[in-house]
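# Observations on the three-dimensional arrangement
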Amino acid sequence: MLGISFCKAYLLCSATLMLICWTETKNVEYVTCGTVAKLYNIDLKVRLHSHDVKYGAGSGQQSVTGTDLSEDINSHWEIKAQSGKRCKRGEAIKCGSIVRFTHLTTKKNLHSHLFSSPLSGNQEVSAYGNDGEGDTGDHWYVDCSGDYWERDDDIRLKHVDTGSYLMASSLSYGRPINGQREIAAVKNPRPFSTYWRVKEGIFIHKDEPTDFHSDYLHTEL
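Residues numbered from 1 in each chain as written. Predicted model: local features only at pLDDT ≥ 70, side-chain atom pairs only at ≥ 80, totals over all residues. Heavy atoms only, no water.

To continue, consider the overall build of the protein. Looking only at helices and strands, one finds one helix and 12 strands in the protein. Element order for the protein, N to C, with α for helix and β for strand: α-β-β-β-β-β-β-β-β-β-β-β-β. For the protein, with 221 residues in total, the buried portion stands at 43%. For the protein, long-range pairs separated by at least 24 residues make up 65% of all intrachain contacts whose partners lie at least 6 apart in sequence. Accessible surface for the protein amounts to roughly 11900 Å². Of this, 53% is attributable to carbon and sulfur atoms. (Helix = DSSP H or I, 4+ residues; strand = E, 2+ residues; numbered from the N terminus. Buried < 20%, exposed > 50% of the residue type's maximum accessible area, 1.4 Å probe, protein only. Contact = heavy atoms within 4.5 Å. Areas by Shrake-Rupley, 256 points an atom, 1.4 Å probe, with all protein chains shown as cover.)

Pasting the structure below:
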């Protein structure tokens, strides 16, 4: 009897541990509020990038480009709630949510508006605002198929104000950002490279501290 009871207890503990591990694994799979990551264009294999270089035409705002360098820290973006709202750090982001992407180095938000993009003449995408605060042109709708945005999802990002989709162009810039791809937005996403996936970064979860040091971001994960 003692042996049977021990076996039952052992099996119950094992099942409980398996459930806990499965739950934790599922949690890690989600993209969450406060996550700092790189966005990778599936078709053109470039990461969404920005730097303190302004467009010479159009809005004159800080440029946003695509780079094929995986180790560049100027490709990190923090995922936040839309302006005027808050999301809990570590909370999984639902498909259909409206979010902002704040460039970690310059603290400007991924932005779009009705200026023409420099190379392809599509809709310009820029980095805008101060210390993470801008306007509704910083809002992006997360277009994914499940209940929540999962880390291995190929998603589209739809600009809320204009209804255009974030895309990477096959056209490249010359100096001073030689070889980097144009990033723009388009109304009809089908013929363009509009699918993105999260890559290297720090993925925040509910049971982690509410603050962290950005120097951890220098190590690719």
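Moving on, there is more to tell.
Membership of the largest hydrophobic core comes to 31 residues, with the highest contact counts inside it found for Leu48, Val64, Phe101, Leu110, Trp149 and Leu166. If you list the elements that add at least two residues to this core, you get β1 (36-41), β4 (77-81), β5 (98-103), β7 (123-128), β8 (140-143), β10 (165-172), β11 (181-186) and β12 (196-202). With sequence-adjacent residues up to four places away left out, Leu166 is seen in contact with Leu48, Leu110, Val125, Trp140, Leu157, Ile183, Ala184, Ala185, Ser193, Thr194 and Trp196. (Core = buried A, V, L, I, M, F, W, Y, C linked by side-chain atoms within 4.5 Å.)

The subject of this paragraph is the confidence of the model for the protein. Averaged over every residue, the pLDDT of the protein is 85; residues scoring 70 or more account for 81%. Counted against residues more than four places away or in other chains, residues 4-27, with its pLDDT under 50, gives one contact. Within the model, pLDDT remains below 50 along residues 210-221, and this stretch shows 19 contacts once partners closer than five positions in the same chain are excluded. (pLDDT = per-residue confidence, 0-100.)

Attention now goes to the pattern of salt bridges. Enumeration according to the criterion identifies four salt bridges in this entry. With a closest N to O distance of 3.8 Å, Lys54 and Asp52 form a salt bridge. One salt bridge connects Glu133 with Arg100, and the closest N-O pair in it is separated by 3.8 Å. Placement of Glu133 in the loop between β7 and β8 and of Arg100 in strand β5 is noted, with a sequence separation of 33 residues between them. (Salt bridge = Lys/Arg side-chain N within 4 Å of Asp/Glu carboxyl O.)

Another point: the environment of Met167. Here Met167 shows up in strand β10. Remark: the alpha-carbon pair of Met167 and Trp196, spanning 29 residues in sequence, is separated by 8.6 Å.

Right, let's get into the packing of aromatic side chains. Applying the stated criterion to the full structure yields one aromatic pair. With centroids separated by 5.3 Å and ring planes inclined at 50°, the aromatic side chains of Tyr30 and Tyr148 adopt a geometry described as tilted. On the criterion of sequence distance, the pair formed by Tyr30 in the loop between α1 (2-28) and β1 and Tyr148 in the loop between β8 and β9 (156-159) is long-range, its members being 118 residues apart. Given the relative accessible area of 18%, Tyr30 is considered buried. On the accessibility criterion, Tyr148 (30% relative accessible area) is partly exposed. (Phe/Tyr/Trp six-rings, centres within 6.5 Å; stacked < 30°, edge-to-face > 60°.)

Both faces of the sheet carry side chains from a regular strand, because those side chains alternate between them. When strand β6 (residues 109-116) meets β7, the two strands line up antiparallel, connected through five bridges. Bridged to Ser116 within β7 is Gln123. Where β6 folds back onto β7 in an antiparallel hairpin, the turn is made up of six residues, including Gly121, whose phi is positive at roughly 75°. (Pairing = 2+ DSSP bridges.)

In this section: the state of the cysteines. For the structure on display, the rule yields two disulfides. The disulfide bridge from Cys33 ends at Cys87, spanning 1.9 Å between sulfur atoms. On the S-S bond that ties Cys33 to Cys87, the torsion sits near 65°, and the link is right-handed. Within this pair, whereas Cys33 is found in the loop between α1 and β1, its partner Cys87 is found in the loop between β4 and β5, the two being separated by 54 residues in sequence. Cys87 gets classed as partly exposed once you look at its relative accessible area, which sits at 26%. Disulfide partner of Cys95: Cys144, at an S-S distance of 1.9 Å. For the disulfide bridge between Cys95 and Cys144, the dihedral angle about the S-S bond is near -115°, and by the sign convention the bridge is left-handed. Of the two residues, Cys95 sits in the loop between β4 and β5 while Cys144 sits in the loop between β8 and β9, which places them 49 residues apart along the sequence. By relative accessible area, which is 18% here, Cys95 ends up buried. Judged by its relative accessible area of 16%, Cys144 is buried. In the protein, the cysteines engaged in disulfides, taken in order along the sequence, are linked 1-2, 3-4. (Disulfide = S-S within 2.5 Å.)

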